[in-house]
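# Structural description and commentary
Next come the chains, spelled out residue by residue.
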Amino acid sequence: MLLSQKGWSRLLFAVVLGAASCASQAESHYVLEKVVEVSRHGVRPPTPGNRQAMQDGTDRAWPQWTTRDGELTGHGYAAAVLKGRYEAEYYRRQGLLERGCPAPGAVYVWASPLQRTRATAQALMDGAFPGCGVAIHAVSDKQDPLFQADKMGLTPLDAEKARAAIQQAMGGSPEQAQQRLSCDIARLQAAVCQPNKPCPAFEQPWRIERKEDGRFSITGLGTLSNMAESIRLAYSENLPAAQVAFGHGGSASAIAPLLPLLTARYDFTNDVPYIARRGGSVLLNQITQALASDRASADAPPPARWLLFVAHDTNIAYLRTLLGFSWQQDRYPRGNIPPAGSLVFERWRDKQSGQRFLRTYFQAQSLDQIRRLTPLDARTPPLKTDLSRPGCRPSPVGVLCPWSASLHQLRAAIDPTALPAVHYTP
């Protein structure tokens with residue numbers, strides 16, 4: 001029997017409605033119990049030391065911002081507000097949070113003590129819970145062992161072991177790495193150097209250097225990477241096109257080829273497994289404790305439903321290296337950690353079986369979402385990449401990984417000799 005056009009429409013509507021109903025039923029099998037999130041701070045100008053090195057290295061002045069060097073900008077604050085609003089709405093839809101202000105103890109925010117991290121934490125909460133006055137917690141000192149243990153000398157590196165690991169990551173030597181990345185270097189040089197004028201940063205040979213605090217950097221690469229970072233931040237800040245890469249960065253597609261040296265810096269420092277294990281174990285240990293327990297303990301994070309750490313790109317780089325993850329999002333280079341980008345751990349439970357699962361993903365706003373302050377919602381979401389291992393499987397709520405095996409993997413990645421004491425304010 002042939003169906004009329006009206007009949008086909010009714011049949012199609014029934015099929016779509018049935019599919020939606022099945023998806024809704026499947027989704028209802030899972031309950032989001034807990035979230036632990038580590039966010040980077042939002043958009044900032046170059047830090048004072050980096051600005052001077054870039055100007056010396058190119059023999060030209062880099063754009064001045066209206067915000068003090070190194071501090072969160074008003075534009076960065078607004079972008080983080082949009083992200084916080086989106087996240088809270090997502091968690092409400094999943095039943096983790098109620099409408100309005102959060103219940104006492106449901107949300108806890110701990111920030112690195114720098115202005116840009118504390119202000120980003122405030123922006124995220126202003127977006128998530130406007131007018132609720134959610135407290136932002138941080139140590140009163142300039143550094144926090146949870147985020148800066150390596151800088152504080154609390155997790156020292158074996159110098160010979162670290163240097164050997166860096167050389168291996170570079171393919172044998174700094175010279176080999178510099179040669180291998182020559183095309184990326186040339187593209188950045190063409191954008192930031194003046195024709196027929198000195199540009200000393202691009203004439204400097206790369207060297208592995210140990211800092212006074214015991215950490216390692218790559219002299220030569222560091223300044224070039226900071227140039228790429230400053231170009232990305234200037235675009236995100238919505239600076240005029242003439243001030244982004246000296247007129248060479250008027251669009252996301254134009255600045256994308258100038259960013260790969262950001263990845264190289266991670267590859268040769270924070271993403272070296274030995275260095276990441278020494279520098280990131282303390283934060284991973286706190287994340288693991290928070291995921292595993294809902295009870296208050298003197299040596300563990302507060303048992304909030306949404307525990308938010310606001311930190312730095314180095315902290316997230318350490319974590320993803322410890323766990324063997326990476327990502328590629330939109331026009332960002334591999335493994336990039338954009339302003340206010342975050343690594344998220346979600347604990348889910350199947351209501352039918354009682355089994356628990358861990359979902360891990362990295363989320364960030366795109367270059368243009370930050371630049372244009374694009375409102376985020378289900379139709380225009382941030383970039384989100386599920387991070388998976390063997391044994392994980394897709395579900396209506398994302399890629400879910402077996403709970404016990406996931407906790408074992410998290411704990412196995414921790415260096416028990418690199419766990420300085422961490423204390424939270426009441």
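Residues numbered from 1 in each chain as written. Predicted model: local features only at pLDDT ≥ 70, side-chain atom pairs only at ≥ 80, totals over all residues. Heavy atoms only, no water.

Looking now at the confidence of the model for the chain. Averaged over every residue, the pLDDT of the chain is 93; the share at 70 or more is 93%. Ignoring residues within four places in sequence, the model shows residues 1-27, a span with pLDDT below 50, making 6 contacts including any to other chains. (pLDDT = per-residue confidence, 0-100. Contact = heavy atoms within 4.5 Å.)

Here we take up the environment of Gln363. Residue position: Gln363 is located in strand 7 (residues 356-364). Judged by relative accessible area, Gln363 falls into the buried class, the value being 2%. C-alpha of Gln363 to C-alpha of Asp126: the two residues are 237 residues apart in sequence and 19 Å apart in space. Not counting chain neighbours up to four residues away, the residues in contact with Gln363 comprise Glu37, Lys83, Tyr86, Glu87, Gln329, Gly341, Ser342, Val344, Pro382, Leu383 and Lys384. (Helix = DSSP H or I, 4+ residues; strand = E, 2+ residues; numbered from the N terminus. Buried < 20%, exposed > 50% of the residue type's maximum accessible area, 1.4 Å probe, protein only.)

Quick look at the state of the cysteines now. Taken as a whole and assessed by the stated rule, the structure comprises 3 disulfides. Two residues, Cys101 and Cys132, share a disulfide whose sulfurs are 2.0 Å apart. On the S-S bond that ties Cys101 to Cys132, the torsion sits near -90°, and the link is left-handed. Highlighted residues: Cys101 in the loop between helix 3 (74-93) and strand 2 (107-111) and Cys132 in the loop between helix 4 (115-128) and helix 5 (145-148), separated in sequence by 31 residues. (Disulfide = S-S within 2.5 Å.)

The subject of this paragraph is the nonpolar core. Core analysis: the largest hydrophobic core is formed by 49 residues, its most contacted members being Phe202 and Trp206. Of all elements in the fold, only helix 6 (159-169), helix 8 (182-192), strand 4 (216-219), helix 9 (221-236), helix 10 (252-255), helix 11 (260-268), helix 12 (273-292) and helix 14 (367-372) reach the threshold of two or more residues within this core. Counting residues per element, this core draws most heavily on helix 9, which supplies 7 residues. Formed by 39 residues, the second largest nonpolar core is a distinct cluster that contains Tyr108, Phe147, Ile316 and Val422. (Core = buried A, V, L, I, M, F, W, Y, C linked by side-chain atoms within 4.5 Å.)

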